[in-house]
Amino acid sequence: AMGALGIRTDLSLADAAAMLNETGVAYVDQAHYAPPLAALLPLRRELGLRTGLSAAEKLVNPFRATVQFVGAHHGPYLAPLAEALRLLGSPRGVVIQGSEGSVDIAPGHSARVIRASGGESAEELVDPSAFGVTEKSLPPAEDAPAHAALITRILEDASAPGAQAAAFNAGLWLAWSGQAASPSDGVARARALLERGAAAEALAALIRFSAARAQPA
């Protein structure tokens, strides 16, 4: 979806650093920070099966981020991933039983979350409805252009289908990374940012940055 939005996903490490400094967000392709893992992608697609690499690659932290969010689809993976983050020295790790192994908690479903920090960990069950999310599912999006269109609608209209789930997840990330006092505070802040257009402007900044560094024809 990023490419369909007009965001470059093939940036060098230097350009990605510039993107981070200019927009507050950066995307780095796996080929740049973990070439051996990237080289195995064609084989993994051919096999069509989840392997241990699907979990291991999420633990890679090449830029020494002080907060790591890791998604896991299967419940038994959560505790081992949290322990792996501890052993790897991650200052603060959050393992989320998200949709299809992502860090997104789907509306209409509670999700297990393990937060680890300072050698200790705690598990909780997060229910989207407890944060005012009344949506039961996300609007369908079958391909990259459809995902891009959905993202654009949500960022441009805080009442659009899917906006509740977007603000809910963003708010949790704010709280779990220490940028909000509590999950409820984080969700409220995320909703306010969405309503006043700050999220849409952040996307526009990424697109402008990408356009400025477009490859010559």
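Being a predicted model, the structure only gives us computed values, none of them experimental.

**Thoughts on the packing of aromatic side chains**
Using the criterion set out here, one finds 1 aromatic pair in the structure. Centroid distance F131 to F168: 5.6 Å. Interplanar angle 50°. Geometry classified as tilted. Highlighted residues: F131 in the loop between β4 (120–126) and α8 (144–156) and F168 in helix α9 (residues 163–176), separated in sequence by 37 residues. Owing to a relative accessible area of 1%, F168 belongs among the buried residues under this scheme.

**Observations regarding the pattern of salt bridges**
Following the criterion strictly, the structure yields 7 salt bridges and no others. Among the salt bridges present, the one from D10 reaches R8, with a minimum N-O distance of 2.5 Å. Linking E123 and R112 is a salt bridge whose minimum nitrogen-to-oxygen distance equals 2.6 Å. Highlighted residues: E123 in strand β4 and R112 in strand β3 (residues 111–117), separated in sequence by 11 residues. Residue E123 is classed as partly exposed on the basis of its relative accessible area of 48%.

**Some details on the environment of S99**
Note that S99 resides in the loop between β2 (92–96) and β3. For the pair formed by S99 and A72, sequence separation is 27 residues and the distance between their alpha carbons is 8.2 Å.

**Re the pairing of strand β1 (residues 67–71)**
In this structure, β1 lies alongside β2, joined through 5 bridges in parallel fashion. When the sheet's bridge partners are listed, V70 is paired in β2 with V95. Running through helix α7 (residues 78–87), the crossover from β1 to the neighbouring parallel element β2 is right-handed.

**Re the packing of α9 against helix α10 (residues 183–195)**
Where α9 meets α10, the closest approach of the two axes is 7 Å, and the angle between their N-to-C directions is 130°. Here α9 lies oblique to α10, going by the angle between them. Like other packed secondary-structure pairs, α9 and α10 cross with a definite hand, here right-handed. Here A163, A167, F168, A170, G171, L172, L174, A175 and W176 of α9 lie close against α10, whose contacting residues are P183, G186, V187, R189, A190, R191 and L194. For the contact of α9 with α10, the per-class residue count stands at 12 nonpolar, 2 polar and 2 charged.

What counts as what
Residues numbered from 1 in each chain as written. Predicted model: local features only at pLDDT ≥ 70, side-chain atom pairs only at ≥ 80, totals over all residues. Heavy atoms only, no water. Phe/Tyr/Trp six-rings, centres within 6.5 Å; stacked < 30°, edge-to-face > 60°. Helix = DSSP H or I, 4+ residues; strand = E, 2+ residues; numbered from the N terminus. Buried < 20%, exposed > 50% of the residue type's maximum accessible area, 1.4 Å probe, protein only. Salt bridge = Lys/Arg side-chain N within 4 Å of Asp/Glu carboxyl O. Pairing = 2+ DSSP bridges. Right-handed = clockwise from strand over helix to strand, strands pointing away. Axes fitted to C-alpha atoms, helices over the stretch in contact; angles between N-to-C directions. Parallel < 35°, antiparallel > 145°, perpendicular 65-115°, else oblique. Left-handed = near helix turned anticlockwise from the far one by under 90°. Contact = heavy atoms within 4.5 Å. Nonpolar A, V, L, I, M, F, W, Y, C, P; charged D, E, K, R; others polar.

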